[in-house]
Structure formats: C-alpha cells, structure tokens
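# Coordinate inspection notes
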Amino acid sequence: MQRLQDRVAVITGGASGIGLATARRFAEEGAKVVVVDLDETAGKAAAEEVGGDFHRADVADEDQVRELYAAVHAQHGRIDIAFNNAGISPPEDDSILTTGIEAWQRVQQINLTSVYLCCKYVLPYMRQAGKGSIINTASFVAVMGAATSQISYTASKGGVLAMSRELGVQFAREGIRVNALCPGPVNTPLLRELFAKDPERAARRLVHVPMGRFAEATEIAGAVAFLASDDSSFITASQFLVDGGIAGA
Ligand code: NAD
C-alpha cells in the first residue's frame, strides 16, 4: 500500500517548479492529483503526465478559489491534501526604500491572500471529514529574512508562516494538520527568473547555503509528500525548513 493511496490532493502552482515535482511525487505515492494553475498549457500537460485533473484558477481570486474546491469536492467526494504553493518572485527592486505600493500589494495578493483563500475554502471539507493535511509554501526568508533585500516577498512569506501556525493550532483537535513549508533556494523557473534579472544575486545567495548548492525541486517534493502523509501525523503548526542548512548557519 502506497503512502498516499487514493488521497485527493490539490496542488496550486502545480504546472511548474516545486508544484510540478510534487504532483509527480504525489502521483508516484498513489494520490489522485488535481493540478491548479494559471498556465493552462503547462497545467494540462502536468495533469496528463501524472494521470490527474487540471483546473485553471487564479488563486488570488476569491470566487475562483471557492469554485475550485467545490468542484474538486463534487467530483471526488473528498479533499485530503491541500498544497497551497502558487506564488511569484519579488519585483526586480524589492527594497523598502523603493518598492511602490502597487508592487507590494500584488505580491501580498498572490503570495499571501491566495493562501488565506485556499485555506478558507478547503477547511470546511476537511472539517466535515475530520481529517486533512494542509501544506502552505512559505520560504526560509520568512524565518531568517533575505540577504538580498526583498521586503514585499519576505513579508508575504512571513504572513504565510504565521497563518499556518495559527491554523495548525486552531484545527489540531479536529484532525487537520497545517504546516508551513520553508524551502531554501530551489532551482526552478522562479529562481532562474530572479537571477536572470540580477546575476550577482545568485552568488550572494549561495554564500549563505552551507551545502553550497541550490535544491532541486524533487528534494522539496519529498518533504511535501512526508508532510502530506501519515508519516508526519504528529507534526502540525510547524515551520518545516528544507534549506540546505541555512537556518543553522
Ligand atoms: P514557479 O514559478 O516554477 O511555479 C509557480 C507556479 O505558480 C507557476 O506555474 C505559476 O503559473 C503559478 N501561479 C503563479 N501565480 C498564480 C496564481 N495567481 N494562480 C494560480 N497559479 C499561479 O515557482 P517555484 O519556484 O516552484 O515556487 C513555488 C512556491 O515556492 C512559490 O510560492 C515560491 O514563492 C516558493 N518558494 C520558491 C523558492 C525557490 O527558490 N524557487 C524558495 C522558497 C519558496
């Protein structure tokens, strides 16, 4: 019997990077995967590859998020795992001295409000079932701050971390676990896009990683599968660092 046999798992941002690697890993472990993304072409390809479904949704839009979970529940009759992972990188210049209010609000909307909405609309189904695992993607910067001056991104991920802890505590006695995943730098399109804008940033970032390299998305996916499975049954409200040692340095 596989660890995630027949569990229904919704993965936002499942078309790329960490989300895509996790969709593959969940499927390998027996889950029925629902890939959610704005990118229809890549999302459909991902869903087809893992034998799952694709839903196009903007996770920062309340109506679309409500409809997403209602549709998944109507189709499968259960939602066991919610990996709230979609997010965007910081704006090019994300220093507090220069970041404008519009750029700030866009990052909060996509990285933080989306997680609030996804939790809000999946929790009723998990409460009905009396079980569930929610994993929200924060970042190591939520714990440590960033050496590369990215105020809107770091603040959004700090919000995800605090919200996950609060929800983990609130719903612990209902059998629902909520954890914040805090990856270090991961070799994905998001990171490559960031470093393409500012190549020196990669070197500055790497200095802080004791392992001396960036993670591959598959290494993050393994941690997500653990948090989604019963192997982590006593872990909730945690900040789960998968960071190559950054927080210990
Ligand atoms: P990625 O760009 O490869 O994938 C992100 C996916 O999210 C894309 O497919 C994109 O289309 C989707 N998306 C973006 N906005 C959306 C929206 N409003 N609605 C639906 N889908 C949307 O990025 P990634 O590196 O895999 O990042 C995944 C998560 O991990 C993000 O929350 C990111 O902040 C976080 N993270 C990444 C790193 C890293 O170094 N790559 C480190 C720490 C945390």
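Residues numbered from 1 in each chain as written. Predicted model: local features only at pLDDT ≥ 70, side-chain atom pairs only at ≥ 80, totals over all residues.

Where an unreviewed UniProt entry is consulted, the protein chain appears under the name 3-oxoacyl-ACP reductase, with the organism given as Allokutzneria oryzae.

Between helix α4 (residues 101-129) and helix α6 (residues 151-171), whose axes approach to 8 Å, the crossing angle comes to 15°. What the angle tells us is that α4 and α6 run roughly parallel. In the packing of α4 onto α6, the handedness of the crossing is right-handed. Touching A103, W104, V107, Q108, N111, L112, V115, Y116 and C119 of α4 are S152, Y153, S156, K157, G159, V160, M163 and L167, all from α6. Along the lines of polarity and charge, the residues of the contact of α4 with α6 split into eleven nonpolar, five polar and one charged. (Axes fitted to C-alpha atoms, helices over the stretch in contact; angles between N-to-C directions. Helix = DSSP H or I, 4+ residues; strand = E, 2+ residues; numbered from the N terminus. Parallel < 35°, antiparallel > 145°, perpendicular 65-115°, else oblique. Left-handed = near helix turned anticlockwise from the far one by under 90°. Contact = placed C-beta atoms within 7 Å. Nonpolar A, V, L, I, M, F, W, Y, C, P; charged D, E, K, R; others polar.)

Let us now look at the site of the ligand. In the vicinity of the ligand, 27 residues are found, and the nearest of them are G13, G17, G87, T188 and L190. Every element with two or more residues in the shell around the ligand is listed here: α1 (17-28) and α7 (189-197). The residue inventory of the shell around the ligand, partitioned by class, reads 14 nonpolar, ten polar and three charged. (Near = placed C-beta within 6 Å.)

Following both chains from N to C, one finds helix α3 (residues 62-76) and α4 inclined at 30°, their axes separated by 9 Å at the closest point. As far as their axial angle goes, α4 and α3 are roughly parallel. Viewed along their axes, α3 and α4 form a crossing whose handedness is right-handed. Contact with α3, carried on its side by E62, V65, R66, Y69 and H73, involves L117, C118, Y121, V122 and Y125 of α4 and no other residues of that element. Among the residues making up the contact of α3 with α4, the classes are represented as seven nonpolar, one polar and two charged.

Moving on, we come to the pairing of strand β3 (residues 53-56). Of the pairings in the sheet, the one linking strand β2 (residues 32-37) to β3 comprises four bridges and is parallel in character. Within β3, the position partnered with V35 by the bridge is F54. The parallel pair β2 and β3 is bridged by helix α2 (residues 40-50), and the resulting crossover is right-handed. (Pairing = 2+ DSSP bridges. Right-handed = clockwise from strand over helix to strand, strands pointing away.)

Within the chain, D6 stands out as a residue other than glycine whose phi angle is a positive 65°. Accessibility expressed as a C-beta count within 10 Å gives 12 for D6, which makes it exposed. With phi around 60°, A237 is a residue other than glycine that occupies positive phi space. If you trace the backbone, A237 turns up in the loop between α9 (217-228) and β7 (239-242). C-beta crowding within 10 Å serves as the criterion here: with 17 such atoms nearby, A237 is assigned to the partly exposed category. (Buried ≥ 20, exposed ≤ 12 C-beta atoms within 10 Å, placed from the backbone.)

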